[in-house]
There are 4 protein chains.
Amino acid sequence: MDVGVIGLGEMGSGMTDSLLRAGHRVTVWNRTPQKADAFVAKGAQKAQTPADAFRGDAVISMLADDQAVRDAILNSGVLERAGQGVVHLSASTLSVELAQELEQAHARAGVGFLSTPVMGRPNVAAAGQLNVLVAGDPALIEKVRPVLEAIGKAVWPLGEAPHKANVVKLAMNFSLAAAIGTMGEAFALARRWDVDAGKVAEIMTGTVFDAPVYKIYAPLIVEERFEPPGFRLKLGLKDVREALKAGEAKAVPMPLAGVLRDALLEAMAHGEAEKDLSALGAVPARRAGL
Amino acid sequence: MDVGVIGLGEMGSGMTDSLLRAGHRVTVWNRTPQKADAFVAKGAQKAQTPADAFRGDAVISMLADDQAVRDAILNSGVLERAGQGVVHLSASTLSVELAQELEQAHARAGVGFLSTPVMGRPNVAAAGQLNVLVAGDPALIEKVRPVLEAIGKAVWPLGEAPHKANVVKLAMNFSLAAAIGTMGEAFALARRWDVDAGKVAEIMTGTVFDAPVYKIYAPLIVEERFEPPGFRLKLGLKDVREALKAGEAKAVPMPLAGVLRDALLEAMAHGEAEKDLSALGAVPARRAGL
Amino acid sequence: MDVGVIGLGEMGSGMTDSLLRAGHRVTVWNRTPQKADAFVAKGAQKAQTPADAFRGDAVISMLADDQAVRDAILNSGVLERAGQGVVHLSASTLSVELAQELEQAHARAGVGFLSTPVMGRPNVAAAGQLNVLVAGDPALIEKVRPVLEAIGKAVWPLGEAPHKANVVKLAMNFSLAAAIGTMGEAFALARRWDVDAGKVAEIMTGTVFDAPVYKIYAPLIVEERFEPPGFRLKLGLKDVREALKAGEAKAVPMPLAGVLRDALLEAMAHGEAEKDLSALGAVPARRAGL
Amino acid sequence: MDVGVIGLGEMGSGMTDSLLRAGHRVTVWNRTPQKADAFVAKGAQKAQTPADAFRGDAVISMLADDQAVRDAILNSGVLERAGQGVVHLSASTLSVELAQELEQAHARAGVGFLSTPVMGRPNVAAAGQLNVLVAGDPALIEKVRPVLEAIGKAVWPLGEAPHKANVVKLAMNFSLAAAIGTMGEAFALARRWDVDAGKVAEIMTGTVFDAPVYKIYAPLIVEERFEPPGFRLKLGLKDVREALKAGEAKAVPMPLAGVLRDALLEAMAHGEAEKDLSALGAVPARRAGL
């Protein structure tokens, strides 16, 4: 299929590689255009504007935050100039509020829209093994299934209202932060009682916490290996904040999320914005004087 | 081996079954003695007092809380009358403070002592598939290895100071409560946005949260299936409280644990003390007016 | 002086009465225009549009929330048509973010701007006894001092950058919510131990908590007298949320504010949005099953 | 009257001075006996054992924590040897649990018992201006009223069950910690927005927070004047912990208290155990990187 990709950060780059490997014709756009060159060498076309990538069968946007999506999609006029029949897959982790604005803007412009937030770190994106949440018109989902299958190992449908996929994505990222925060407290407790945190991590991941979240993040926390970042702490804060806001919009108190927000802010105040989200797991140790 | 068992609650009963199945000679004691009869029918001996079970090669105590252990072990005179060479395996989930008192009391009485808290719900105990944390003198551990292997599928050594196993056990049970509390908030958020909580549970356990903790508890929370209890909520509260106290003893703030404590107290205040710990996952829904 | 008033809610009405009583010539505007009629009877002029009130020596805006200020001030074109020399006193409790936008918009339009959030409930406004925080150009403050003195018993200068007054106002309203939340927990604790909450309130306000905040809110909480509202709970939530956001913008964790936010959301979920903020003090009782 | 005093810490010393000034005959005991000598010079008698002070009309105990009371009162045999007709006024801030034990022990020994926790810092004790909470048999209260009036400016009766006074005392000290914690967050927010914390303190105490708690602690926090301690942080932690435990005993969630507990533990971990409780107000600043 003819597929555009808007946004060549670590995640978008990996997804582009997967699309190319699956034989799709890919047109890429990035705010800093040099990043596109590496993909031209691999066979992609380089778009001069977001609108140039917003055509063909499908276009995936994978941008860092709400503001980047507002700039590239909502305020760029791209929807009004979208190619006939193109389906937009919004893969960024966005606020529910913006997801709802996007729904309305696409409906007004008559452009097909799916919300397709993805789960997985950059290496998973590069392997085409993401878990893809998807919500929107089932007919559109069927139409772009080859694209979804190129980037993901599994597709999780969540109904016809696109923003519901964003709610679930925020719930997942909140849960991820909660798991990291939990390990942080458990490890700090162990360490202050002279128990090796690595041993606790081994027991957790060897028994009832035998899941990727714990297996990926436990060693990063134990070894305080927060660089290079796979998922930046400041983006993790953004997601916890948006989960809280989504809760607030529906009067859902989320006190665990509130505690995580505070710990993430504390990490920000200590210069860890650009480190890996696993640095959240070090906050309890600092508080305990370790 | 000749093995005593003190405490025939759901966990102790399962462990006794596993010991008998492995061919050990088992002597059981329970505060309400009728419970012992079922095991006599299976080939166990019935002890009239804790001291009658506190002999042979090893004795496992598996009691509900600190007070029960104080009554049956520390204040019963059992240590002074313990059989020659018996090794006491304390499998209950205890406060670190009591574990330290037990260490000292056994040392004074010249009785071998291992702390062996176990991980797993009653059905896992009955299957002999527990995860056994163990701390204490390595020579004693070797001596009672057949007992450990009869009750557990894996043994996790944690050093020579017995109370360290209790620290880790509390850290694990705190982490378990955190996972349940996290699902509770995530599911409440989803439901208020008209997303099926069962779908969120499926995505969690089908992706990066693919671990027993989530797979066991997610359906209980989603289906609000809090009875019969596998692990009583009031005991979960006890463990979170003891984790907090262990943290307090070493100046380790544990705000996530604090939030869980409050939610558990709220469940207690609403009559859920004897329900399954999974009822913790329903607290966020109640708060959100669901 | 010639003074406009934009917004005739309970607070704006009280301020208008104070201005008239002090002999100023007042022109009033309200979104629902009927509210203005009562003030015409008292000698005020009725403006047809916000712009008609945005002239003379000064104009006070006193609106419920950010959105109302965006509608009436930022997006209404009123700044471009403002009367020559008029100074705008923004008395609403706003987000710091919007205060900064207002600063910039007034500077662009060449209109004098002071941020003057006020402290006090409606009866205090009607008595001209508000505490007025003020930040902005000192020359402008001097110019409108008769207006400030008509509405307030004290004026608290906070520097030249208007948004700083909003930061302090949010800090004050967070502190108010904290005092109410604290009484709520203290009273729930006492009641469950069969101690009369009214007795605790009496001791607090008779000893070291002998301040208006406690003296005003303690009886409302003790007697569960949440209607009619003096300060609506939903507006209290807004202020705590904005305090959290102001903290987030500068990486200031505010865990007490987070706890209050959750309790306020819980009250919202239980239908108390339009009740008095004192209903926050009843949340701990409900959680405790009282 | 003949009055014993057990415990000559800062508070007990001030109370002794007040008793002497009021003309009572005072017998003092302290664990480190040298402290008693200063009071002998002022006319007091020096007791060799707690029992020597536990006679006459009344005896006040004013000790640092539960353990000190267990040592000096419950486990010293003093109740069995108490002078005929002496009334014990327990002025220490104790756990509710210990207060209940004391009730029972005094009843068994036939010794009059009142719980009389006091409010005020050492300088207030020295001035005889404490607020005295009192619960117990009204006839006993009448009997010792001259003693209560010597140490306090006001007496607050709380019913016949002595431990209720302890519940209220813990509720008050929790509220005190909450006020300090609130100022800490408000001041940190202001400082990061370049607003002088002293200015915020001035506005608080000059308006609706015009109460001793804020007026005493605000300047200590603003000026970071945490030494010498008037009320040690570690004792403030003890009180918040006991308030939480009193809540736990009755299933009362107290999330604000939980947040304060964590902040106090963090201060402990950073070496502030012996500083003034006002150091709690510096925790939010440290977290915000100030």
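Here goes a summary of the coordinates provided. (Residues numbered from 1 in each chain as written. Chains lettered and ligands numbered in written order. Predicted model: local features only at pLDDT ≥ 70, side-chain atom pairs only at ≥ 80, totals over all residues. Heavy atoms only, no water.)

## Focus: helix α12 (residues 233-249) of chain C
The first and last C-alpha atoms of α12 of chain C sit 24 Å apart over 17 residues, in line with the 24 Å expected at 1.5 Å per residue. With twelve of its 17 residues buried, α12 of chain C lies for the most part within the structure. Taken together, the buried positions of α12 of chain C are occupied by L233, G236, L237, K238, D239, V240, E242, A243, L244, A246, G247 and E248 of chain C. In this fold, the buried residues of α12 of chain C make contact with α12 (233-249) and α13 (255-269) of chain A, α5 (96-109), α9 (163-192) and α13 (255-269) of chain C together with α9 (163-192) of chain D. (Helix = DSSP H or I, 4+ residues; strand = E, 2+ residues; numbered from the N terminus. Expected span 1.5 Å × (residues − 1). Buried < 20%, exposed > 50% of the residue type's maximum accessible area, 1.4 Å probe, protein only. Contact = heavy atoms within 4.5 Å.)

## Concerning the sheet that holds strand β4 (residues 58-61) of chain C
All names here are of chain C. Strands sit in the order β3-β2-β1-β4-β5-β6 across an open sheet of six strands; the sheet is parallel. With one partner strand each, in any of the chains shown, β3 (45-46) and β6 (112-115) form the two edges of the open sheet. With four bridges joining them, strand β5 (residues 87-90) and β6 adopt parallel strand pairing. Following the sheet pairing, L89 is matched in β6 by L114. Docked against the sheet, α5 engages β5 and β6, running at close to 165° with respect to β6. (Pairing = 2+ DSSP bridges. Axes fitted to C-alpha atoms, helices over the stretch in contact; angles between N-to-C directions.)

## Looking at the nonpolar core
Among the nonpolar cores identified, the biggest contains 126 residues, and F174, F187 and Y214 of chain A together with F174, F187 and Y214 of chain B are the most heavily contacted of them. Once residues lying within four places of it in the same chain are set aside, the contact partners of Y214 of chain B are Y214 of chain A together with A179, M183, M204, T205, F209 and P219 of chain B. A188 and L244 of chain C together with V195 and V283 of chain D belong to the second-largest nonpolar core, a separate cluster that totals 125 residues. (Core = buried A, V, L, I, M, F, W, Y, C linked by side-chain atoms within 4.5 Å.)

## Thoughts on the sheet that holds strand β8 (residues 130-134) of chain C
All names here are of chain C. What the three strands build is an open sheet, ordered β7-β8-β9; its pairing is mixed. In the strand order of this sheet, the two ends are held by β7 (118-119) and β9 (152-157), each with one partner. As defined by bridge partners, β7 adjoins β8 across two bridges and the pair is classed as antiparallel. The residue of β8 that forms the bridge with V118 is V132.

## Digging into the interface of chain A and chain B
Contacts between chain A and chain B engage 60 residues on the former and 60 residues on the latter. When chain A packs against chain B, close to 5,400 Å² is buried across both sides, 77% of that on carbon and sulfur atoms. Seen at the junction of chain A and chain B, the total is zero salt bridges. Top element by residues in the side of chain A that touches chain B is helix α9 (residues 163-192) of chain A. It accounts for 19 residues. When its residues are assigned to classes, the side of chain A that touches chain B shows 42 nonpolar, nine polar and nine charged. (Buried area = accessible area lost by both parts, 1.4 Å probe. Salt bridge = Lys/Arg side-chain N within 4 Å of Asp/Glu carboxyl O. Nonpolar A, V, L, I, M, F, W, Y, C, P; charged D, E, K, R; others polar.)

## A look at the interface of chain A and chain C
At the junction of the two partners, chain A supplies 14 residues and chain C supplies 14 residues. Summing both partners gives a buried area of about 1,200 Å² for chain A against chain C, and 56% of it is carried by carbon and sulfur. When residues of chain A are sorted by the area they lose upon contact with chain C, E248, R261 and L265 of chain A head the list and together hold 43% of the total. Counting across the chain A and chain C interface gives four salt bridges. The salt bridge involving R261 of chain A is made with E248 of chain C; its shortest N-O contact spans 3.0 Å. Remark: the boundary between chain A and chain C carries eight residue pairs in polar contact (both at pLDDT 80 or more). Taken together, the elements giving at least two residues each to the side of chain A that touches chain C come down to α12 and α13 of chain A. Counting residues per element, the side of chain A that touches chain C draws most heavily on α13 of chain A, which supplies seven residues. (Polar contact = N/O pair within 3.5 Å; in protein donor to acceptor, adjacent residues only side chain to side chain.)

## Brief notes about the relation of the copies chain A and chain B
Laying chain A over chain B is done by rotating through 180° and shifting 0.0 Å along the axis; what remains is an RMSD of 0.0 Å. Here the copies are linked by what is in effect a two-fold axis. Judged by C-alpha distance, A211 of chain A is the residue of chain A that lies nearest the rotation axis, at 2.4 Å. Most of the interface of chain A is mirrored in chain B, where 100% of its interface residues are also at the interface. (Least-squares fit on C-alpha atoms with pLDDT ≥ 70 in both.)

## What about the pattern of salt bridges?
For side chains bearing opposite charge, pairing can occur when the charged atoms are close. On inspection of all chains with the given rule, the structure shows 85 salt bridges over all chains. Between D2 of chain C and R25 of chain C there is a salt bridge whose closest N-O contact spans 2.7 Å. Of this pair, D2 of chain C sits in strand β1 (residues 2-6) while R25 of chain C sits in strand β2 (residues 25-29), and the two are 23 residues apart along the sequence. Taking relative accessible area as the criterion, D2 of chain C reaches 32% and is therefore assigned partly exposed. The salt bridge involving E223 of chain C is made with R225 of chain C; its shortest N-O contact spans 2.7 Å. Here the salt bridges share partners, and the residues they tie into one network are R241, R261 and D262 of chain A together with E248 of chain C.

## Re the packing of aromatic side chains
Residue and element names in this part refer to chain A. Scanning the entire structure with this criterion turns up six aromatic pairs over all chains. A centroid spacing of 5.0 Å and a plane angle of 65° characterise the contact between F209 and Y214, whose relative ring orientation is edge-to-face. Owing to a relative accessible area of 0%, F209 belongs among the buried residues under this scheme. Y214 gets classed as buried once you look at its relative accessible area, which sits at 1%. (Phe/Tyr/Trp six-rings, centres within 6.5 Å; stacked < 30°, edge-to-face > 60°.)

Everything listed here is a matter of coordinates, which is why it stays silent on function.
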